[in-house]
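# Report on the structure
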Amino acid sequence: MAKGKENPVISTLWSAGCGSHGGCGCEIYVKDGKVTRIEGDKNHPFNQGRLCAKGLAVSQYMYHPDRVLYPLKRVGERGEGKWQQISWDEAYDTIEKKFKDIRAKHGAESVIFCQGTGRDIGGPITFLMYAYGSPNWVQVGLAGHACYTPRLGAMFATHGNYCVADCSQFLEKRYDSPEWTPPKYIIIWAQNPAAGCHDGFYGHWIIDCMKRGSKLITIDPRATWFSTRSELHLQNRPGTDGIIALAMLNVIINEGIYDKAFVEKWCYGFDELKERVQEYTPEKAEEISWVPADLIRQAARLYANNKPSAIQWGEPVDAMPAGSVVAQAITQLWSITGNIDNPGGNVIAINSHGVTTYPFSSAELTDLYGADLVKKLNEKRIGANDYPMIKNFRGWVQPDVLMEQMETGKPYPVKGAWIQTSNIIGGQAADPRRHYEAMKKLDFIVCVDIFQTPTTMALADIFLPVCSICEKESFRSWWQPLGVSVKAIPNIGESKSDWEINLEMAKRLATTPVKFNTVRELIDDRLSAGNTNFDKLKAKGGWEYPPVGHRTRPYYRYEKGLLRKDGKPGFETPTGKVELYSKKYEEWGLDPLPYYEEPKESPTATPEMAEKYPLILTTGRRSPVFFHSEHRMIPWLRELDPFPVAEINDKTAASLGIGDGDWVYVENTHGKIKMKAKVTPSSHPKVVSVPHGWWLPETDGRAPNFFSTWDHNVNNLTSMGNQGKSGFGGTNYRSGLCRVQKISGEKE
């Protein structure tokens, strides 16, 4: 690059820096070897030139003075915050010896490989884990595995693939594509899409569709920008989404406004579903959900009578009691109305070109690593033998079972942990203190991250520093398009990429030789499934859609024989049809039909507890400037969202003597946290909404404070061990009970 001149590097953002699940094209401007700014790439179809605050602030993230740039070794007791800088060779040698010792004495399964979300970590961490020989890949503390997996499992069981709302994102010309049609209605279910790129979906696509005529229906306990622009807002009690879906099915079926031709030809089990939903009338749903029956009827009619229409849903669905059942019911809404793989409906989503970055399912793991390895791993994968859906759908550990196993050592002890991209104590885990007490007893823990967090300070023996998205090569294949991340500048300090670290450790720990010498070789090997490589994609501007006719492009692939492995028309299910009566659920010992289950803590389920804690606590509201527990130290972002806040309805707050800006305790049977009250009419009078992942990096990181995580992390008010019958969902992230009390004398 020319010295003294600012030069752009075209890349894809999906990693450390922005954090989130999007795949935005960007222009990284570099001057004299330093990133000066980042802008959205107007030629990239994903974001079309736009970029969120997190993307714009990546340079502050990269050059932050608190970023860890060298490998560290703990030299004091865990939590004392005493570290010594060491070389990469010493770090690698130490980890190699410790992990080999554990494997020799206790088996490879005694080391767990822990990831968070965001960053391109699924590929690197599973690559290392399988090389080492452990079956235990886990999001530690994610109770009920309540993040997308329950929805993915329900879709897999219902129609053999996954679906997302169609906003033209599967086509190069986007909104100008002649084969695409805007949805007439979009139901936004339990999500605020503009607050992030949830699950590979760019929130502003909804607004793009609105500009092209799409109307909205919102189902959400909170009032949002979208709900205020919706024709209908169903402001429900948190945790009751399942009965709303069942009541909508009741209306659509009983009024005969479903797609009869589609159901007759392509669906299995309609009569059984019809019989099941009879008990779930809108009136019954009103009693439970607080949503007027008439509003439920209107929503069902608008959705069913206006084809094509789509549903965009959020993570709270996963955290419902029996999350995989709630997701099943919602999946059936787009199925019986024929809004599946049609333009403007819910389009079937398959990774572009068939390339796997992040192996989602057991089927993908089998394709990538072979059936014998997957079968062998399942024998000792934690939770796999307790829950058939856990065993047969996806290669994860069941986190609630892991918690018990770490405490009891049964059926085998957990001795070591590789924690990468995961702030377990400060963000991800329910009941984080319980996790802290269990994990600090492990023999050896490696943390791989960019900043010190409550988790790294509390648990790490070795800290390995990773680089940001601007300092590395990677690739992205989450739905569409296929893309690459291009290295814009040399690594800062001695940081390395996740891929680079994990490849080196895989070479040292593998029981059979690793065939890749470099990260580029590994990336090109994965991309070869799409008949391309890193350099080809880079030369094309960093992204590519599959060719016309490819099975990863929409529409109506069930009619063309593009969904089934045998090439026949239909869906990749046991019956070849959309299974409203799920043969998979039946095989796994689950109810094949959807039903409603009340939250374990609620005014109905636990009335005595509700007398003491009369408000519904719902956690996890997304901030548009943070990604989970990340970014609290980034000046531009913290200025926009400076305090941990609890949203309280204005009338409720007045009755409690709480004013806007007052510090309050939010309390329940699990503990209490300190938040700043945000008094607002947008909250339901009986609901308190608290964002997750709050810690204060400006405070003392040493024990026992750990950056104030015990004071402000709302997960201190949640618990483990509530998982649903499938092993998924069922926790109280979204529907606990609480009370709120003003802290006397504290106001900004």
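Starting afresh in each chain, residues are numbered from 1 along the sequence in its written order. Selection of residues for local features in this predicted model requires a pLDDT of at least 70, selection of side-chain atom pairs for listing and counting requires 80 or more, and totals for whole chains, interfaces and linings are taken over all residues. Only heavy atoms go into the side-chain values, all of them from the structure, while hydrogens and water stay out.

## What to know about empty space enclosed by the protein
Using only the protein atoms, space was sampled on a 1 Å grid; points where a 1.4 Å probe fits but cannot get out form cavities, open sets with protein on both sides within 12 Å along at least five of seven lines form pockets, and lining residues are those with an atom within 4 Å of a point. Grid points are joined across faces, edges and corners, and a volume is the space filled by probe spheres set on the points. Throughout the structure, instances matching the rule amount to ten cavities of 30 Å³ or more. Looking at the largest cavity, its volume works out to about 540 Å³. Along the wall of the largest cavity there are 31 residues; nearest its centre are T117, G427, Q428, H628 and S629. Here the term charged refers only to Asp, Glu, Lys and Arg, the term nonpolar to Ala, Val, Leu, Ile, Met, Phe, Trp, Tyr, Cys and Pro, and the term polar to all other amino acids, Gly among them. Looking at the lining of the largest cavity residue by residue, the class counts come to nine nonpolar, 16 polar and six charged. Taken as a whole, the second largest cavity spans an internal volume of roughly 320 Å³. Lining of the second largest cavity is provided by 23 residues; of these, A190, Q191, D220, P316 and R734 occupy positions nearest its centre. Taken together, the residues of the lining of the second largest cavity sort by class into six nonpolar, ten polar and seven charged.

## Section: the nonpolar core
For our purposes a nonpolar core is just a set of buried Ala, Val, Leu, Ile, Met, Phe, Trp, Tyr and Cys residues, chained together by side-chain atoms within 4.5 Å. Whether a residue is buried, partly exposed or exposed follows from its accessible area with a 1.4 Å probe, protein chains only, as a fraction of its type maximum: under 20%, in between, or over 50%, in that order. By size, the foremost hydrophobic cluster in this structure holds 220 residues, and its most contacted members are F99, I112, W189, M248, W418, M439 and L464. Whether two residues are in contact is decided by their heavy atoms, any of which lying within 4.5 Å being enough. Ignoring sequence-local partners within four residues, the contact set of M439 consists of R78, I112, V140, M406, A417, I419, I424, I445 and L459. Among the nonpolar cores identified, the runner-up in size contains 17 residues, and I648, A653, V666 and V740 belong to it.

## So, the sheet that holds strand β10 (residues 215-219)
Note on pairing: DSSP must find at least two bridges between two strands before they are called paired. The helix and strand labels rest on DSSP assignments: H or I over at least four residues marks a helix, E over at least two residues marks a strand, and numbering proceeds from the N terminus. Read from one edge to the other, the open sheet built from four strands follows the order β11-β10-β9-β13, with strand pairing classed as parallel. The open sheet has two edge strands, β11 (232-234) and β13 (309-313), and neither has a second partner. For this sheet, the mean angle separating the axes of adjacent strands, direction not counted, is 15°. Where β10 lies against β11, three bridges are found, and the strand directions are parallel. Looking at the pairing, I217 lines up with L232 of β11. Each of β9 (185-189) and β13 is contacted by helix α12 (residues 323-336), which is oriented at about 160° to β13, the strand it contacts most. Orientation is described by lines fitted to C-alpha atoms, with helices fitted over the stretch in contact, and by angles between N-to-C directions that extend from 0 to 180 degrees.

## Some remarks on the pairing of strand β6 (residues 111-115)
For β6, the tally of buried residues reaches five of five residues, placing the bulk of the element in the interior. Of the strand pairs in this sheet, β6 and strand β15 (residues 416-420) are connected by five bridges, and their pairing is parallel. If you follow C114 over to β15, its bridge partner there is I419.

## Focus on the sheet that holds strand β3 (residues 34-40)
Hydrogen bonds between backbone groups are what pair the strands of a sheet, and the pairing can be parallel or antiparallel. With antiparallel pairing, three strands are arranged side by side in an open sheet as β1-β2-β3. Two strands in the sheet have a free side with no partner beyond their single neighbour: β1 (7-13) and β3. Put simply, the sheet's adjacent strands are angled 30° from each other on average, direction ignored. Sheet topology note: the β1/strand β2 (residues 24-31) ladder contains seven bridges and is antiparallel. Pairing of V9 across the sheet is with I28, part of β2.

## Some details on the environment of Y412
Looking at where Y412 falls in the secondary structure, it is placed in the loop between α16 (399-408) and β15. When residues no more than four places from it in sequence are discounted, the contact partners of Y412 are E109, S110, N136, K380, I382 and Q405.

## Thoughts on the packing of α16 against helix α18 (residues 432-439)
Contact pair α16 / α18: the axes reach a minimum separation of 9 Å and the direction vectors enclose 40°. It follows from the interaxial angle that α16 and α18 lie oblique. You can see that α16 and α18 cross each other, and the crossing is left-handed. The segment α16 lies against α18, with M403, E404, M406 and E407 engaging R434, H435, A438 and M439. Here the contact of α16 with α18 is composed, by residue class, of four nonpolar, one polar and three charged. Each angle is binned into one of four classes, with values under 35 degrees roughly parallel, values over 145 roughly antiparallel, values of 65 to 115 roughly perpendicular, and all other values oblique. If you view the pair so one helix is near and one far, a crossing is left-handed when the near helix is turned anticlockwise from the far one by less than a right angle, and right-handed when it is turned clockwise.

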